[in-house]
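# Architecture at a glance
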Amino acid sequence: MSRSCSDYSWYYALGATAVVVTCTAWYIKKNVRMSDGLEATLTTLNNTINNTISDTLPVFGLQEEKSQIAEGEEIQIVGRSYILPDDKAMFERDCESFLWFSYRRNFRAIGGTQYTSDRGWGCMLRCIQMLYSHTLIRHNFSRDWRWTKDATYNAILRDFLDDPNGLYSIQQIAKSGCSSGKDVGTWFGPNTACQSIRTLKEFHKELDLTIQVVMDNFMCIEDLKFFCKEHGPDSWTPLLLMIPLRLGLNECNNIYIDGIKCCFEIEQSVGAVGGRPNSAFYFIGFQNDKLLYLDPQRDPGLG
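The rules behind the values
Residues numbered from 1 in each chain as written. Predicted model: local features only at pLDDT ≥ 70, side-chain atom pairs only at ≥ 80, totals over all residues. Heavy atoms only, no water. Salt bridge = Lys/Arg side-chain N within 4 Å of Asp/Glu carboxyl O. Buried < 20%, exposed > 50% of the residue type's maximum accessible area, 1.4 Å probe, protein only. Phe/Tyr/Trp six-rings, centres within 6.5 Å; stacked < 30°, edge-to-face > 60°. Axes fitted to C-alpha atoms, helices over the stretch in contact; angles between N-to-C directions. Helix = DSSP H or I, 4+ residues; strand = E, 2+ residues; numbered from the N terminus. Parallel < 35°, antiparallel > 145°, perpendicular 65-115°, else oblique. Left-handed = near helix turned anticlockwise from the far one by under 90°. Contact = heavy atoms within 4.5 Å. Core = buried A, V, L, I, M, F, W, Y, C linked by side-chain atoms within 4.5 Å.

## Examining the pattern of salt bridges
Inspection of every chain in the model, using the stated rule, returns 11 salt bridges. The salt bridge involving Arg126 is made with Asp118; its shortest N-O contact spans 2.8 Å. Residue classification places Arg126 among the buried positions, given a relative accessible area of 0%. Overall, the relative accessible area of 0% leaves Asp118 in the buried class.

Below, the structure written as structure tokens:
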């Protein structure tokens, strides 16, 4: 189902005809004054979410590109910066602490259907699993936690097992999408995937986390703060904020590129999901004009 990330050579070029990011996400844990950078970024996103939120990922003009990470140039991984070769060990420890989910077969059938594999339709579900699992790791540990044998980590992993009883299993996410009109075996867009995770979290009563998905091209920062203080003005419930949006029609508009990069530089970033029709990726950082991502279509067990 998953394996720690240790292969860092897969990228997608970011440019005029490149990825249109369709869902970015932030995890805000403490009730502290937002840094100027985060406040400004949220305000900018609020002002620029002016394209139609869509469940259809756009077609882009570039082909996939495989290249090695360049030495001597800065790499950003969701709020952390590295330069190789000096930071090679720290960079590798950071990357291998992400969970990488991929297609599976021969799991228990999704209730009421004959589906025992998600190959060909489950890529977005695997991507949202990766993003959400990283959020739960941040929630239970911190951004600087690195993989080690740990009972809490194992408990998080069990929630994503390909089993009908798993809180965030492929079976549960696929069935949750039915309430949004998505039949099991059909491709989910980022908005439906985000809403499915939000719905399933409601059954995870002991988890002290609120999930908000921005809808209708509008985000009110004061409303977000209100949801985080539902238990009282002096309380703060950690927030996972997910923003499905399109940054262009068939191509990413160049005016958004610096903003996309900025998202990965923010301490609270937990990455982004997006890609091309029927093929989604989980983006965790960038170097220069290239995005670093985990690909659910690719078996993590293959070197």
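Having seen the structure, we can now continue with the description.
## Some thoughts on the packing of aromatic side chains
As enumerated under the stated definition, the model contains 15 aromatic pairs in all. A ring pair is formed by Phe141 and Trp145, whose centres lie 4.6 Å apart and whose planes are at 20°; its orientation type is stacked. Accessibility classification places Phe141 together with Trp145 in one group, the buried group. Here the aromatic residues Phe101, Tyr132, Phe160 and Tyr168 are joined through ring pairs into a cluster of three or more.

## Description of the packing of helix 3 (residues 123-140) against helix 6 (residues 190-201)
Packing of helix 3 against helix 6 brings their axes to within 10 Å, and their N-to-C directions diverge by 50°. Considering their axes alone, helix 3 and helix 6 lie oblique with respect to each other. Classified by chirality, the crossing of helix 6 by helix 3 is right-handed. Within the contact between the two elements, helix 3 uses Met124, Ile128 and Tyr132 and helix 6 uses Pro190, Ala193, Cys194, Ile197 and Lys201.

## Section: the nonpolar core
Formed by 83 residues in total, the largest nonpolar core has its most connected members in Ile77, Phe91, Tyr132, Met242 and Tyr282. Per-element accounting of this core gives the leading share, 10 residues, to helix 3.

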